[in-house]
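The primary structure of each chain is shown beneath.
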Amino acid sequence: MPDVELVLRSTRVITPEGTRAASVTVAGGTVAAVLPHDAPVPDGARLEDLGDDVLLPGLVDTHVHVNDPGRTEWEGFWTATRAAAAGGITTLIDMPLNSLPPTTTVDHLRVKRKTAADKAHIDVGFWGGALPGNVADLRPLHEAGVFGFKAFLSPSGVDEFPHLDDDQLARALREIASFDSLLIVHAEDPRQLAGAPQRGGPRYADFLASRPRRAEDTAIARLLEQARRHDARVHVLHLSSADALPLLAEAKADGVRVTVETCPHYLTLTAEEVPDGASEFKCCPPIREAANQDLLWQALADGTVDCVVTDHSPSTADLKTDDFATAWGGISGLQLSLPAVWTEARRRGHTLEDVVRWTATRTARLAGLEARKGAIAPGHDADFAVLAPDETFTVDPAALQHRNRVTAYAGRTLHGVVRSTWLRGERILADGEFTAPKGRLLTRP
């Protein structure tokens, strides 16, 4: 074991055993020990006394669209990873779209990794894509280190990433189950979407009606049936429909290997507050009503929903028109997810330990990174966020690190100021100042 070179001391350190006053020692980029608060500092080590600020494990965001290369004007590894670091996120897993090329072959994965190599301020891994006709590419992608495979059950919004029908889903699942990887799924049913009213225009109520809950519910039921049949591991992306929760709870109780995520925007924003024409609030599936949101929070509390991720899906500002039918659907949330979720969680009586479980511990487990990420524990990477949980700030789009500073949170007052972010024992952000990129490209353990 290398000598201890750093000690981070706080009256509030969130560990797997709970929150306590502690001194966390770091050696060789990993957590060496979690000691009593007043433990002596080893010879030659530097002490960082954080006072009453909370020391959290760096968050792990498993649902990020970096869009680089090919649509780098929408986002890029440099800007996305800076925004993540500013929000206390130290690991992200990049979605296989909307980059060009999409991450659907080993050659395309090499392009993505080369693009990211010198631009990542935090650690970055990659999902592969499951498309019609690329079953033969899935095992090679798995062997090349992707963390699993993304599929759509309805049109994705980009032509180069078509969705799977029932037969194609079955073929992909059989192959993925053969090497026990994970299929993560955008679950909306295209037939239900086609049958919904499609009016277009600036009214949010019309857009909401065009993406009904039954589209999610039907697609999730199809996915669970296939997962049972093939004993496959599946993950439901960005759940917004609370109507699907009983079905998911029953499947979990029956032993179906399914996990579920939701997103900060579903937990903190409501349909009732979306102004007409404000397509910065547009995402698919959509932000739903307050009563639906209450049920999502209950499902997080009881474990039906496992984790919270951003689904950071940016675009250039010109694509966010006032017509909900044609505007790009996606919300930029990397920098603001921790304070947004914490603000609403504390209002509802949840703790920061709960937030860490949803945004770090369980997301690390989802990606298979739980041995190194998502906890302050000996042997884990020394990835930390330092948070002032009671301080507030008002969201100013000009202060965001995203390439395109469009946000549904503009003007909102949030609790939780990220003081600094640390990656393997090195401070990569403090008081708004970033170091040079120090992130690594991750492969499946």
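## Some words on the pattern of salt bridges
Here is step 1: Per the stated rule, a full pass over the model turns up 35 salt bridges.
Here is step 2: The partner of arginine 419 in a salt bridge is aspartate 53, and the shortest N-O contact between them spans 3.1 Å. Of this pair, arginine 419 sits in strand β16 (residues 413-423) while aspartate 53 sits in the loop between β4 (46-49) and β5 (54-57), and the two are 366 residues apart along the sequence.
Here is step 3: Judged by relative accessible area, which is 29%, arginine 419 ranks as partly exposed.
Here is step 4: Judged by relative accessible area, which is 18%, aspartate 53 ranks as buried.

## Some words on the packing of aromatic side chains
Here is step 1: One pass over the structure, following the stated rule, counts 8 aromatic pairs.
Here is step 2: With a centroid separation of 5.9 Å and an interplanar angle of 70°, the aromatic rings of phenylalanine 152 and phenylalanine 161 are classed as edge-to-face. The same class applies to phenylalanine 152 as to phenylalanine 161, namely buried.
Here is step 3: Plain terms: the ring middles of tryptophan 297 and tryptophan 358 are 5.8 Å apart, the flat faces sit at 70° to each other, and that makes the pair edge-to-face. Here tryptophan 358 lies in helix α12 (residues 352-366) and tryptophan 297 lies in helix α10 (residues 290-302), a separation of 61 residues in the sequence.
Here is step 4: Look at tryptophan 297 and you get buried, because its relative accessible area is 2%.
Here is step 5: In textbook terms, an aromatic cluster arises when at least three aromatic residues are bridged by ring pairs, as seen for Tyr204, Phe207 and Phe324.
Here is step 6: Here arginine 71 stacks its cationic end above the ring of tryptophan 74, 5.3 Å away from the centre of that ring.
Here is step 7: Positioned above the aromatic ring of phenylalanine 434, the side-chain terminus of arginine 82 is 4.1 Å from the ring centre.

Parameters and conventions
- Just so you know, the residues in each chain are numbered from 1, in the order the chain's sequence is written.
- Owing to the predicted nature of the model, reporting of local features is limited to residues with pLDDT of at least 70; listing and counting of side-chain atom pairs is limited to 80 or more, with chain, interface and lining totals taken over all residues.
- The side-chain quantities take in all heavy atoms of the structure and omit both hydrogens and water.
- For this document, the term salt bridge refers to a Lys or Arg side-chain nitrogen within 4 Å of an Asp or Glu carboxyl oxygen.
- By definition, any uninterrupted DSSP run of H or I lasting at least four residues is a helix, any uninterrupted run of E lasting at least two residues is a strand, and each is numbered from the N terminus.
- In this scheme, a residue with accessible area under 20% of its type's maximum is buried, one over 50% is exposed, and one in between is partly exposed, where area comes from a 1.4 Å probe on protein chains only.
- Note on aromatic pairs: the rings of Phe, Tyr and Trp (six-membered ring only in Trp) are paired at centre separations within 6.5 Å, and the planes decide the class, stacked below 30 degrees, edge-to-face beyond 60, tilted for the rest.
- Should the NZ of a Lys or the CZ of an Arg lie within 6 Å of a ring centre and within 35 degrees of the ring normal, that charge is described as sitting over the ring.

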